[in-house]
Amino acid sequence: MGDHTVMSETLSTADNFTLYHHGSSVCAAKVRFAMAEKGLEWKGVYIDILKGEQFEPDYLKLNPKGVVPTLVHGDIVVQDSTVIIEYLDQLAPESSVHPTDAWERAQARYWTKAVDEDLHPACGAVTFVCSHRHTVLRNLGPEGTTKFLASTPSMSVTSDWKSQKDGFIRHGFEAPGATEKVKLYDTYLKKMEAALDGCNEWLVGNKFSIADIALTPYVNRLAMMSMRGLWENGRLPNVESWFTRIEALPNFKRCFIDWVPEELTNDLRDNGAMSWPEVAKILEITV
């Protein structure tokens, strides 16, 4: 990975980064990870997305989609995790997490593009179906859940996320598209397995990069939901070895684990374990 602690001369000690984020948000975790690898300090504003704080009017002025993260740098507001990381790499290019080789950079972009277009919506679906639906229903009750769902902007994670999230929370695995999202998620684990075949320790050019940063939150989400069976027991050994390396990185725990409140960590673990047999059934995994 190299030394990511050196700051660009374009950044002075007076530069302030404020990150609006949430502990369990995969996109927020991705930015926290990238900033840690780049050695960038930031101030945080914690937005509890399970209580609907992302739909408060003041926050919607910063991020009309009602999602996290949002980066505020002086008078500049940057949304969307992939764009935020590219913005930070422009400010501090010597600690860039993007490959310098043109072809390797293109390959890394294939991964980040796939994450934004396919894997992230699948993760949102699987997370709500397997875990968040239980947390929201328990903590907010019927009336609060209705208000929570109604607050979702019409254009959010996807153009139809409002109606999809309603179905995932109310109907779980029976919701339209839920089974397909589980299978799509698994497809990307298999793509990772193929990319890591041979002697490749990392996804692109055998060097740690934005590709690994981008995929880490999504594999970690499954791990936190007690679903390591998707790659363990010989199913996807390259992914298993890759994630072991990821978990051993100095910045992993403080970027992905420490920010998740204990109650939410327990919910993800317990709700996920309860949902795992259904996921395994969909993917024909013997448990």
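Computed from a predicted structure; not experimentally measured. Here the residue numbers are simple positions, counted from 1 along each chain's written sequence. Local features are withheld for residues below a pLDDT of 70 in this predicted model, meaning they are given only at 70 or higher, and side-chain atom pairs are given and counted only at 80 or more; totals for whole chains, interfaces and linings count all residues. Values shown for side chains rest on all heavy atoms present in the structure; no hydrogens or waters enter the calculation.

Caption draft 1: Local environment of the sheet that holds strand β4 (residues 76-79). Note: two strands are recorded as paired if DSSP finds a minimum of 2 bridges between them. Here a strand is any run of E in DSSP of at least two residues, a helix any run of H or I of at least four, and the numbering for each starts at the N terminus. Taken together, four strands build an open sheet; the order of strands is β2-β1-β3-β4 and the sheet is mixed. This sheet does not close on itself; its edge strands, each paired only once, are β2 (43-46) and β4. Strand-to-strand twist of the sheet, defined as the mean angle between neighbouring strand axes without regard to direction, takes the value 20°. With four bridges joining them, strand β3 (residues 70-73) and β4 adopt antiparallel strand pairing. The residue of β4 that forms the bridge with V72 is V77. Here a residue-residue contact requires only that any non-hydrogen atoms of the pair lie within 4.5 Å. Orientation is described by axes fitted as lines to C-alpha atoms, over the contacting stretch for helices, and by angles from 0 to 180 degrees between their N-to-C directions. Across the sheet, helix α1 (residues 26-38) lies against β1 (17-21) and β3, angled at about 150° from β1, the strand it touches most. Sheet strands touched by helix α3 (residues 81-91): β1, β3 and β4. Its angle to β4, the strand with the most contacts, is close to 130°.

Caption draft 2: A look at the packing of aromatic side chains. Think of it this way: a Phe, Tyr or Trp ring, Trp meaning its six-membered ring, pairs with another when their centres are within 6.5 Å, and the plane angle makes it stacked under 30 degrees, edge-to-face over 60, tilted otherwise. For the structure shown, the criterion picks out ten aromatic pairs. Arranged with centres 5.8 Å apart and planes meeting at 45°, the rings of Y20 and Y59 form a pair that is tilted. Here Y20 is found in strand β1, whereas its partner Y59 is found in helix α2 (residues 57-62), with 39 residues between them in sequence. By relative accessible area, which is 18% here, Y20 ends up buried. On the basis of relative accessible area, Y59 is assigned to the buried category, the value being 4%. On the basis of an interplanar angle of 75° and a centroid distance of 5.0 Å, the ring pair of F33 and F256 is categorised as edge-to-face. Of the two residues, F33 is situated in helix α1 and F256 in helix α9 (residues 252-257); the sequence distance between them amounts to 223 residues. In this structure, F33 and F256 share a single accessibility class: buried. Among the aromatic residues, ring-to-ring pairing joins F33, W202, F208, W231, W242, F243, F252 and F256 into one connected group. By definition, being over a ring means that NZ of Lys or CZ of Arg is both within 6 Å of the ring centre and within 35 degrees of the ring normal. A cation sits over an aromatic face here: K191 above Y188, 4.4 Å from the ring centre. Whether a residue is buried, partly exposed or exposed follows from its accessible area with a 1.4 Å probe, protein chains only, as a fraction of its type maximum: under 20%, in between, or over 50%, in that order.

Caption draft 3: Broad picture of unusual backbone geometry. At the junction of V68 and P69, the peptide bond is cis and its omega measures out at 10° in the coordinates. Assignment of secondary structure puts P69 in the loop between α2 and β3. Here N233, not a glycine, exhibits a phi torsion of approximately 60°, which is positive. You can see N233 is positioned in the loop between α7 (210-224) and α8 (237-248).

Caption draft 4: Here's a closer look at the side chain of T70. Relative to the helices and strands, T70 is located in strand β3. Given the relative accessible area of 0%, T70 is considered buried. Pairs of N or O atoms within 3.5 Å make up the polar contacts considered here, provided that, within protein, one atom can donate a hydrogen while the other can accept it, and that residues adjacent in sequence are counted only when both atoms are side-chain atoms. Among the polar contacts listed, one links the side chain of T70 to the side chain of Y59, at a separation of 2.8 Å. What T70 contacts, discounting residues up to four positions off in sequence, is T18, L19, Y20, Y59, L62, N63, V77, V78, Q79 and I84.

Caption draft 5: Region of interest: α7. Expected helix span is given by 1.5 Å per residue-to-residue step, counting one fewer step than there are residues. Look at α7: 22 Å from first C-alpha to last across 15 residues, which is about the 21 Å you get at 1.5 Å a residue. The axis of α7 is deflected most strongly, by about 30°, at T216, and proline P217 appears within four residues downstream. Counting buried residues in α7 gives 15 out of 15 residues, a clear majority hidden from the surface. One or two steps after α7, the chain reaches S226, where phi turns positive at roughly 60°. Working definition for bend: take the seven residues up to and ending at a residue and the seven starting at it, fit an axis to each, and measure the angle between the axes.

Caption draft 6: Layout of empty space enclosed by the protein. Using only the protein atoms, space was sampled on a 1 Å grid; points where a 1.4 Å probe fits but cannot get out form cavities, open sets with protein on both sides within 12 Å along at least five of seven lines form pockets, and lining residues are those with an atom within 4 Å of a point. Grid points are joined across faces, edges and corners, and a volume is the space filled by probe spheres set on the points. For the structure shown, the criterion picks out three cavities of 30 Å³ or more. Approximately 80 Å³ is the volume attributed to the largest cavity. Considering the residues around the largest cavity, the lining is formed by G23, S24, S25, V26, A29, P217, N220, R221, M224, F256, V260 and L268. Looking at the lining of the largest cavity, the elements that each hand over two or more residues are α1 and α7.

Caption draft 7: Local environment of the packing of α1 against α7. For the pair α1 and α7, the least separation of the axes is 9 Å and the interaxial angle reads 135°. Classified by the angle between their axes, α1 and α7 sit oblique to one another. Once α1 is placed against α7, the crossing between them reads as right-handed. Contacts between α1 and α7 pair V26, C27, K30, F33, A34 and E37 from the former with I213, A214, T216, P217, Y218 and R221 from the latter. Along the lines of polarity and charge, the residues of the contact of α1 with α7 split into eight nonpolar, one polar and three charged. Small angles under 35 degrees read as roughly parallel and large ones over 145 as roughly antiparallel, with 65 to 115 read as roughly perpendicular and the rest as oblique. The handedness criterion is simple: a crossing whose near helix is rotated anticlockwise from the far helix by less than a right angle is left-handed, and one whose near helix is rotated clockwise is right-handed. Classification used: nonpolar for Ala, Val, Leu, Ile, Met, Phe, Trp, Tyr, Cys and Pro, charged for Asp, Glu, Lys and Arg, polar for all others including Gly.

Caption draft 8: Geometry of the pattern of salt bridges. When a carboxyl oxygen of Asp or Glu is within 4 Å of a side-chain nitrogen of Lys or Arg, the pair counts as a salt bridge. Under the counting rule described, the total for this entry stands at ten salt bridges. A salt bridge links K190 to D186, with the shortest nitrogen-to-oxygen separation between them at 3.4 Å. A residue pair is termed a helical-turn pair when its members lie 3 or 4 positions apart in one helix, as K190 and D186 do in helix α6 (residues 178-195) at four residues. Using a relative accessible area of 45% as the deciding quantity, one classes K190 as partly exposed. By sharing partners, the salt bridges in this structure join D186, K190 and R235 into a single network.

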